[in-house]
Structure formats: structure tokens, C-alpha cells
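Secondary and tertiary structure notes
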Amino acid sequence: MAEADHIHAATDGGTAVARAMSAAGVTTIFALHGGHLDAAFKGFLDEGITLVDTRHEACAGHAAEGWARVTGGLGVCMITAGPGFTNALTSMANARLDGVPVLFMAGAPPLREEALNVLQGGVDQIAMARPVVKHAVRITDPDRIADQIANAITIALGGRPGPVFVELPIDVLARPARLPAVLPRPVTAAPTAPLPAQVEQVVQLLEQAKRPVAILGSLARYQATPAQAAAFLDTLGIPVVQSSRALGLVDPAHPGYAHDPGAIAAATAGGEAPDLILMLGSRFGLFLAGRTRAFFPDDATIVQVHADAAEFGLIHAPALATTAHVGAFMDAVAAAWDRSADRFHDWRDTMRRASQAIGGEFSEETRSGKLNPYFAARAAVDGAPADTSFVLEGGEAGLWAGYHARVAHPGGVLTFGQLGALGTGFGFALGAAYARPGKPVVQITGDGAVGFHLQEFETMVRQRLPIVTVVLNNSCWGQSIHGQQILYGENYSCISVLGDIKYHEIAQGFGCYGERVTTLDEIGPAIARAFASGKPGCIDVTVDADLVLPMTAAMLGEAAPGEVMVPYYENFKL
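Residues numbered from 1 in each chain as written. Predicted model: local features only at pLDDT ≥ 70, side-chain atom pairs only at ≥ 80, totals over all residues. Heavy atoms only, no water.

1. What about empty space enclosed by the protein?
Filter applied, for reference: Cavities and pockets are defined on a 1 Å grid built over the protein atoms alone: a cavity is a set of grid points where a 1.4 Å probe fits but cannot escape, while a pocket is an open set with protein on both sides within 12 Å along at least five of seven lines, and lining residues are those with an atom within 4 Å of any such point. Grid points are joined across faces, edges and corners, and a volume is the space filled by probe spheres set on the points. Starting at the N terminus, helices and strands are each numbered in turn, a helix being any DSSP run of H or I of at least four residues and a strand any DSSP run of E of at least two.
Under the definition given, this model contains one cavity of 30 Å³ or more. By volume, the largest cavity is sized at about 80 Å³. Along its surface, the largest cavity is lined by Arg69, Asp98, Val100, Ser218, Arg221, Tyr222, Arg245, Gly411, Val413 and Leu414. For the lining of the largest cavity, the secondary-structure elements that each account for two or more residues are α9 (218-223) and β15 (413-415). The element contributing the most residues to the lining of the largest cavity is α9, with three residues.

Encoded structure:
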């Protein structure tokens, strides 16, 4: 490249990072300070990029995940070397398993001091990151910063999205950097359409079907728009269920909306099972009942649309599989369907009724007199303002809330995923608040999970964020103790009991609005008061500890004669 093609004036590696991020359209970075990164941080301020600081690197990573899930774009997290990096590994793994595009950048000791037992050195961060990211690179030449970062972002957003990791040694950030006059930018591939023969085959399958249903998975959130989903459903007239991470692609008011895959199981139990299942950006596995056929009747035909061909036939074999872009697949099938949409409307109504009947088995009455968490979670969702984004923590609390959370904006429900991580909620809430400035966020969590990152209440207060946390407080690790009692008897527990902690008072100590409530009719007004206060809030709700989430029992399983029970996984035969 000719000398005239480079910029020389007062540019160091940190500035090069900032300019590369700005050229890629990055506006917000979630971070926690570390001295290794100051050259880049100054560059971000000079470029007008917003830095959002958290109190723990794991929370910064989860906040970047939350941003990506809500915006549908790239989340960015920057943390320091050594313990800063290792603290963020959980978020990297979480993003990889859930297919969330996040760029993680971490500092590192100087390259020239390798193997000298230096501060926060001696750890091969690239080797540690590689198993849990799509791509990991150590930048060793400041002249390569711009193209290496652009390439990393291209990888994060391409195919099935996921996290990438870039290591930035402190001496690389400090050294002079030559930038090309035209900065490299991430490459966006054009959406891939299905082959005409595949579209024709799908149309034929629809013509033969009596009870087709679409399942929108997490990949659909990044590859389809609400308009594409609505046009597809309107044209075909079929019902749709969504994974938690796809909620919001379809408006709950749409006549085909049947919430989550539980509606398939409910309809099947009622004697009306689907006979054609369109897996649109969905993967088989934990959240679709593993190798069982709970959501997939043996005689149902399966069509799977997914960017990762390794998913095809991994658990259930599809009759047709394509790596086409989900939105492009919807458009192509809708364009080819010239039959009446009315043919499936009775079935669509059946699925909608099935979804609305779920939860009807619960009663407000409990042996203890404390609140049933199913109804407490419903009151929390109903008490949220319009256009709220819901953050549902791991464990039973978030799953109770999952029965009720319905939104009309993509990424509006943020939940734990395949990693099964607790402690994601505070970060997700921060990311959601920045992704939709001024819009309300309600985090629903248990008293176990809330303890992972209580210090982030201070972050919310300092940054004046409209986030209200509702703690379903049963003084125990609910999913843990319920699993133990199913296995070993109702009086058994082992390191699964907690104290009666007043989390609203802890939040008040950080400057939040706080209340404890003990009745259902207090929950909604308490949430309203919290938002009206102008402060982040914490509503501590006392709930019954004995109520077992049905999904806990289902995931735990039961042993048939001649089997040994393996909780949460497949049993093995003797």
C-alpha cells in the first residue's frame, strides 16, 4: 500500500481501535476499567462512543449480550486482562450457546514481556477463549488493528451469530499505528434465499398438511423482521410459537400467536397434534424436549431452516433442511403460496386456545398462605408499564414469569439459555435499558439469582436507568431444593436453603426505591410507585417455597422400571 494511503498524525493503537469501532457503527461499549485499556478508552471518548461501566466484568459481558438481543445488532464488551478476562468467560460461553453476536475485547500484558511473570500475565487468554467463541485473535501489530477488528465483527454477525474475542496487548495499544485512509468495515453477506425446488416442496407439504405450525427460534430474531413474520403468517394462516429469545417478532395480538412451544404439547394432549412443523431458526435440544417427542409427534413432518448445517439430523431428522436466511425463506414461501389462508384457521384457533389454557391448573391458595409464584409473576408482568422489556432470570422465578411475558418488540424478553447461567439478569437489564433509551425494563428474578450481582443496583442508580427488579423471594434456591425433594423426599435439602433477606432494603442502601409486598394486589401498584419515583426500584415479593414449577419436574424426569434416573438428562438402563 502506498504511503499516501496511510494516516500518520498522532495515531496510536488505542486510537486505531476507537476509529475501527466507529467505522463499524459501534455507538455503545459496556466495560469495566483496567489500566491496560486507557489508550482505547480515551480514543472512544474522542470518537463519541458511549462507555457504560458496570461493577463486574461478567455483568459487562451480559449487558453487551442484552444490547445485542434487543437491538438485533452487535454488542461490545471491553474488559481488562487476567481476572477481568476470566470474569467475562461465562458471558462468552452464554453468548456462544445462545447465538448472540458480541465482540469481546480484553487487554493483555506487553508482548515484549512474555514469560517474565508480569502483572496479570501467565494466562493464555486466546487458548482459554477459543472453546467458547466463534473466533479469537491476538493483535500483535498496531497496523493490523482496523482490519482484524472488522474481520472479527464480520464473523460475529455472519451465519449463526456468536461471540468473538480480540486480545489487545498494552504495548500494541501504546505504539504508533498507521491507519489506511479508508478504514476496513465489517462485511455483511446478502441473505441467502432457498432454492426454488425447496420452496416448491414446502408448498406441497403445506398442501398435504392439516395442522401445520411454525416455531421461531433465536436465529429468527437476527434473520427476520416483524413485518416478514406477519406477512408469512397472514398469507399461510398458520399458528406460530416462539422460543423465548424470538418473542416479540410476532405481536401477541396476531390471531396466529400461540406463545411458546408449550402450546404444542397442550394441543397434543387435547388430541390435536401438529402434522407439519416448520423450524424457522430453531434448534432441537433442551428447550424442545431433547430426544423425546413431546413437541414433535412421531408422524409429524419437519422442515428445518438454520444457518448451521451441523444442526440438521442432530436429534430429529427433517424431511427438508436448508441453510437459507430465515426471513428470505418466509418471503419465498409466502410468495409461492396462492391458496386460501382460511384452510388452517380452525387449527390456528385451536393452538391459540391451547396456549391460553396453560396455567389453568394453578390455584392461588397455598399451604403456607404465601403467594403462589405463578400468580405473583403474572401480577408483576401485568403491573409493568406499556412497552416494557422483560428480563427473566434463570431458575424457577424466570420460568414462572415466562408463562406471562408477552411483548410486541423483538428482543423484548431476555432469558437465560442453554448454559443455564444464573446472574445474567442485571447485565441483560442494563443492556436493554441502553438499547431502548427511556423505555421501562422489568427484571423478574429469584432471591438466589439476585445475589450474584447486587452491586449493580449502584450502577442503575448512578446511570439513572428505568429498571425495576421484582424479587420472588422464597428463602431458598427453588429449583435446587425442589429437585432434591423430588429425588430424596419432601423433607430433604442440602445447601439449598437461604435466609429471609430483605432485598428491597439492600437496594435502598444503593439509592433505589424499595418495597416489600405480601399480597397479589400490592404488586402492580408497587411497581408503578417504583417507576414514578424516578429511581431504579426493587420490589421484594414473598412467595411460597413449596410450589414446584412443572418444568422443573419435567426436566428432572422420572425413572421407568430398569432405569437409573439422571436428573435433567436422559436416564440410562440397567
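What follows picks up the thread again.
2. Side note on the sheet that holds strand β9 (residues 212-216)
The cut-off we apply is this: Two strands qualify as a pair provided that DSSP identifies no fewer than 2 bridges between them. Axes here mean lines fitted to C-alpha atoms, for a helix over just the part in contact, with angles spanning 0 to 180 degrees between N-to-C directions.
The five strands lie next to each other as β10-β9-β11-β12-β13, forming an open sheet whose pairing is parallel. At either end of the open sheet lies a strand with only one pairing partner, and these are β10 (240-242) and β13 (320-322). Strand-to-strand twist of the sheet, defined as the mean angle between neighbouring strand axes without regard to direction, takes the value 15°. Here three bridges tie strand β12 (residues 301-305) to β13, and the two strands are oriented parallel to one another. Its bridge partner being in β13, Val305 is matched across the sheet by Thr322.

3. A short note on the nonpolar core
To keep things clear, this is the line we draw: What is meant by a nonpolar core is a set of buried Ala, Val, Leu, Ile, Met, Phe, Trp, Tyr and Cys residues, joined one to another through side-chain atoms within 4.5 Å. Partly exposed residues are those whose accessible area sits between 20% and 50% of the maximum for their type, while under 20% is buried and over 50% is exposed, using a 1.4 Å probe and protein chains only. Note on contacts: a residue pair is in contact if any heavy atoms of the two residues lie within 4.5 Å.
By size, the foremost hydrophobic cluster in this structure holds 67 residues, and its most contacted members are Phe232, Leu280, Val470 and Val541. By residue number, the principal contributor to this core is helix α14 (residues 373-382), which donates seven residues. In contact with Val470, other than residues within four places in its own chain, are Ala380, Val442, Gln443, Ile444, Thr445, Ile527, Ile539 and Val541. By size, the runner-up hydrophobic cluster in this structure holds 47 residues, among which are Leu89, Met92, Ala106 and Ile467.

4. Brief notes about helix α8 (residues 196-208)
Because each turn of an α-helix spans 3.6 residues, side chains separated by three or four positions end up pointing in the same direction. How we decide: Here a helix's expected span is defined as the number of its residues, less one, multiplied by 1.5 Å. As used here, the arc is the angular range of directions from the helix axis to the C-beta atoms.
End to end, α8 covers 19 Å across 13 residues, agreeing with the expected 18 Å (1.5 Å per residue, within 8%). Every buried residue of α8 is accounted for by Gln198, Val199, Val202, Val203, Leu205 and Leu206. Along α8, the residues classed as buried sweep out an arc of 160° about the axis, all on the same side. Exposed side of α8, more than 90 degrees from the buried face: Pro196, Ala197 and Gln208 are the residues found there. Buried residues in α8 make contact with β9, α10 (226-236), β11 (276-280), β12, β13 and α12 (326-336).

5. Digging into the side chain of His404
Let me state the cut-off plainly: Here a polar contact is taken to be a pair of N or O atoms separated by no more than 3.5 Å, where protein atoms must pair a possible hydrogen donor with a possible acceptor and residues adjacent in sequence count only if both atoms sit in side chains.
By secondary structure assignment, the location of His404 is in the loop between α15 (396-402) and β15. There is a polar contact of 3.0 Å between the side chain of His404 and the backbone oxygen of Tyr374.

6. Some details on the layout of surface pockets
We apply this condition: All residues other than Ala, Val, Leu, Ile, Met, Phe, Trp, Tyr, Cys, Pro, Asp, Glu, Lys and Arg, Gly among them, are scored as polar; the first ten of these are nonpolar and the last four charged.
Roughly 650 Å³ of internal volume is contained in the second largest pocket. For the second largest pocket, the lining is made up of 31 residues, of which Leu157, Gly158, Thr188, Ala189 and Tyr222 are closest to its centre. Listed by contribution, the elements that provide at least two residues to the lining of the second largest pocket are α3 (57-71), α6 (145-157) and α9. If you tally residues by element for the lining of the second largest pocket, the top one is α6, at three residues. Residues of the lining of the second largest pocket, tallied by class, amount to 17 nonpolar, 14 polar and no charged.

7. Concerning the packing of helix α1 (residues 13-23) against α6
Any two packed helices are characterised by how steeply their axes cross, that is the angle between the axes, and by the distance between the axes. So the rule is basically this: Comment on the angle field: the value is read as roughly parallel under 35 degrees, roughly antiparallel over 145, roughly perpendicular from 65 to 115, and oblique elsewhere. Handedness of each helix crossing follows the sense of rotation of the near helix against the far helix: counterclockwise by less than a right angle gives left-handed, clockwise gives right-handed.
Direction vectors running N to C along α1 and α6 enclose 40°, while the axes themselves pass 9 Å from each other. Between α1 and α6, the angle falls in the class oblique. Between α1 and α6 lies a crossing of right-handed hand. Across from Gly13, Ala16, Val17, Ala20 and Met21 in α1, the residues of α6 making contact are Ile145, Ala146 and Ile149. Of the residues contributing to the contact of α1 with α6, the split by class is seven nonpolar, one polar and no charged.

8. Structural notes on the environment of Arg160
Along the chain, Arg160 falls in the loop between α6 and β7 (164-169). Judged by relative accessible area, Arg160 falls into the buried class, the value being 15%. A C-alpha to C-alpha distance of 9.2 Å links Arg160 and Gly281, two positions 121 residues apart in sequence. Not counting residues within four places of it along the chain, the set of residues in contact with Arg160 comprises Arg96, Leu97, Asp98, Gly99, Lys134, Leu219, Arg283, His306 and Ala307. Here the side chain of Arg160 touches Arg96 through a polar contact of 3.3 Å, landing on its backbone oxygen.

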